[in-house]
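# Results of the structural survey
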Protein chains: 2
Amino acid sequence: MADQPSPADLAALRARIDGIDSNIEELILERARFARQVGQAKGDLAAAVDYYRPEREAQVLRRVIDRNAGPLSDEVLVRLFREIMSACLAQQEPLKVGYLGPEGTFSQQAVHKHFGHSVRGLPLASIEEVFQEVDAGHADFGVVPVENSGQGTIQSTLDMFLTSPLAICGEVELRVHQHLLSRTGRIEDIERVYSHPLSLAQCRGWLRQHLPNAERIPVSSNAEAARRARNADDAAAIAGESAGMVYQLKSIAGSIEDRDDNTTRFLVIGRSLFPPSGNDRTSLLVFIHDRPGALYGILEPLARHGISMNRIESRPSHSRLWEYAFFIDVSGHRDESPLKDALAEINSTAGDVRVLGSYPVAVL
Amino acid sequence: MADQPSPADLAALRARIDGIDSNIEELILERARFARQVGQAKGDLAAAVDYYRPEREAQVLRRVIDRNAGPLSDEVLVRLFREIMSACLAQQEPLKVGYLGPEGTFSQQAVHKHFGHSVRGLPLASIEEVFQEVDAGHADFGVVPVENSGQGTIQSTLDMFLTSPLAICGEVELRVHQHLLSRTGRIEDIERVYSHPLSLAQCRGWLRQHLPNAERIPVSSNAEAARRARNADDAAAIAGESAGMVYQLKSIAGSIEDRDDNTTRFLVIGRSLFPPSGNDRTSLLVFIHDRPGALYGILEPLARHGISMNRIESRPSHSRLWEYAFFIDVSGHRDESPLKDALAEINSTAGDVRVLGSYPVAVL
């Protein structure tokens, strides 16, 4: 405790912080003036959508991470810089971003995580409507959920691309945290832990360390687990924070998942494709007639060019011409080798390949 | 269009912005290191609650506004600085803030507006529970709605102070925007506008300018207005954005209220009172026996000391000892003259006056 600052030191520290704040403010305003000049390159009345450049934002954020010497985390710094960019971009007409409402959903959180708070969010009633409003130009972009780690792909979102002309302009990953909840809020009371088998598996390490002797009881959902935990002092549930509120349980511990990749993935949809950012992903929609041979004709060039495939999902195509549709995510940008070369080869063969989008890999 | 930047200019502008970003980042990290030293004044394991200083935050934000030379608005800059302070404060254990859940409510927005996003929000099932959790120390602060412009005071929140020992540590004002919504989304179709009389009054100027010939039809609520607007192409409703989603209406125009003081006011509740910030408000709870004479005994000293009163509300006191309870908001801080002197006088007379809190007037 010897090196604690005295009240005089405290006053000096606060004065230093005030000086820093003044410099930060000056720089943010200078940044806003330069951003305004960039906007003017697109005409005096340019709306934000005219000069929003997702690939440039991704590059800025990656540099923020590269430079970070601490003590703040990359996540916090990236969030601050997203807000600064969002504010600079919104000086004229802000971006309009449609999402699956109502306000307060994870989709709204994803909008703010990706675009910052200086956007106009449009809560919409369905994923279909998000596509429609972007297509009609009422929204500049849309944000739609596409994948839950644990629950897998949201097929209805992917299926929208079978008929929609929209492009994928970005991806957002939102972490979902697990909590240990109980009636008393005291870990020493707990003899049984209820949860969905996937959630129990996600928190195995934490449970082994903190509740080695408690019985683990798999149930159909985390909400059901919370409902059961409500009935006894010695029972706990692993569930999201909001389940604790609904069932009036106290949180014993938060963020107890062993890996922080318990995420929901969203796609940003828009009307145009953007240039490379240096670390991109490309989503392809491939229609083929006859599954085994034709699919090989697509996958072989990708493999030969050393392109890694992150995902493949087959879907009925809803079209008479083609029997099967495949959604394939690969690394790289369609305008850059080696993906550009592989796509050229694929297009010269039988398959019908549509590039849904080439977009920056989510920055945190 | 002559002074539009060329592509080379654009690249130069972006390089300048990158340089600015690097400086901003360095300064934010330096600020975080100094903030950490301030925290150490309270001990090595200090949680954020131990060195959170609302009066200091208010002063920092007022300086941000004083220095603002544009082009960003005060509101945007204040938001950015709240986030920077929030991130610096949360380096050890972040603030835990209870609010009326679920996630996505206006209360949650108020939490983030006041404390930034680097806090742990605890969604709770009722306003009573917010008070309980703060009182029990499970939450450091709570945020509860107390007033809707238009609908008036939320009596149940005020009544909590009749029995709770908690103090008011701050106030948050959240703007609520009105939208003109219709089935077609085209203003030229509109012949009739439905809304609650208060909302019609709030948007009178906008309606006069943009829809001078449309009939204004008062209905019982804005939701009812949205429901009616759904049934005809020539009808519109004035309502919040979320009503548009529920009733599948399109927004013709947003933020159409004539004055931007259409707000909901929240109180920040905590376990301690804080020093003056230089621009404070004090909330008093006054119990008296006999209304006319005793109330005068309270109000006269306040008036004589030149203290402006922002609000007075009478409530049944729920106590046998006192017949009436009054909630009175006045300008100033209880530790500073002239309020300090006035309070000393009042306490020496018959009334029973409790200072619920002296706290910074909401900064934007």
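Residues numbered from 1 in each chain as written. Chains lettered and ligands numbered in written order. Predicted model: local features only at pLDDT ≥ 70, side-chain atom pairs only at ≥ 80, totals over all residues. Heavy atoms only, no water.

## Structural notes on the pattern of salt bridges
- Evaluated as defined, the whole model comprises 44 salt bridges over all chains.
- Among the salt bridges present, the one from Glu25(B) reaches Arg67(A), with a minimum N-O distance of 2.7 Å. Of this pair, Glu25(B) sits in helix 1 (residues 7-40) while Arg67(A) sits in helix 3 (residues 54-67), on two different chains.
- According to the relative accessible area criterion, Glu25(B) is buried, its value standing at 1%.
- The class of Arg67(A) is partly exposed, set by a relative accessible area of 28%. (Salt bridge = Lys/Arg side-chain N within 4 Å of Asp/Glu carboxyl O. Helix = DSSP H or I, 4+ residues; strand = E, 2+ residues; numbered from the N terminus. Buried < 20%, exposed > 50% of the residue type's maximum accessible area, 1.4 Å probe, protein only.)

## Focus on helix 5 (residues 106-115) of chain B
All names here are of chain B.
- The set of residues buried in helix 5 consists of Ser107, Gln108, Ala110, Val111, His114 and Phe115. Each buried residue of helix 5 lies within a common arc of 155° when the element is viewed along its axis, so the set occupies one face.
- Against helix 3 (54-67), helix 4 (74-89), strand 1 (96-100), strand 3 (141-148), strand 5 (167-175) and strand 11 (263-270) lie the buried residues of helix 5.
- Note on helix 5: the residue one or two positions beyond its end, glycine 116, has a positive phi of about 75°. (Arc of directions from axis to C-beta. Contact = heavy atoms within 4.5 Å.)

## Focus: the interface of chain B and chain A
- Contacts between the two partners involve 74 residues from chain B and, on the opposite side, 73 residues from chain A.
- Summed over both sides, the interface of chain B with chain A buries roughly 6800 Å², with 63% coming from carbon and sulfur.
- Along the contact surface separating chain B from chain A lie 8 salt bridges.
- In this structure, the connection of chain B to chain A is made through 15 residue pairs in polar contact (both at pLDDT 80 or more).
- Elements that contribute at least two residues to the side of chain B that touches chain A include exactly helix 1, helix 3, helix 4, strand 2 (120-124), helix 6 (127-135), helix 11 (241-246) and strand 10 (250-254) of chain B.
- The element contributing the most residues to the side of chain B that touches chain A is helix 1 of chain B, with 25 residues.
- Taken together, the residues of the side of chain B that touches chain A break down into 32 nonpolar, 20 polar and 22 charged. (Buried area = accessible area lost by both parts, 1.4 Å probe. Polar contact = N/O pair within 3.5 Å; in protein donor to acceptor, adjacent residues only side chain to side chain. Nonpolar A, V, L, I, M, F, W, Y, C, P; charged D, E, K, R; others polar.)

## Let's talk about the environment of Leu207(B)
All names here are of chain B.
- Here leucine 207 shows up in helix 9 (residues 204-210).
- According to the relative accessible area criterion, leucine 207 is buried, its value standing at 1%.
- The spatial distance from the C-alpha of leucine 207 to the C-alpha of valine 193 is 9.1 Å, given a sequence separation of 14 residues.
- Ignoring any residue separated from it by four or fewer positions in sequence, one finds leucine 207 in contact with Val193, Leu200, Pro212, Arg216 and Ile238.

No statement about biological role is implied by the geometric values presented.
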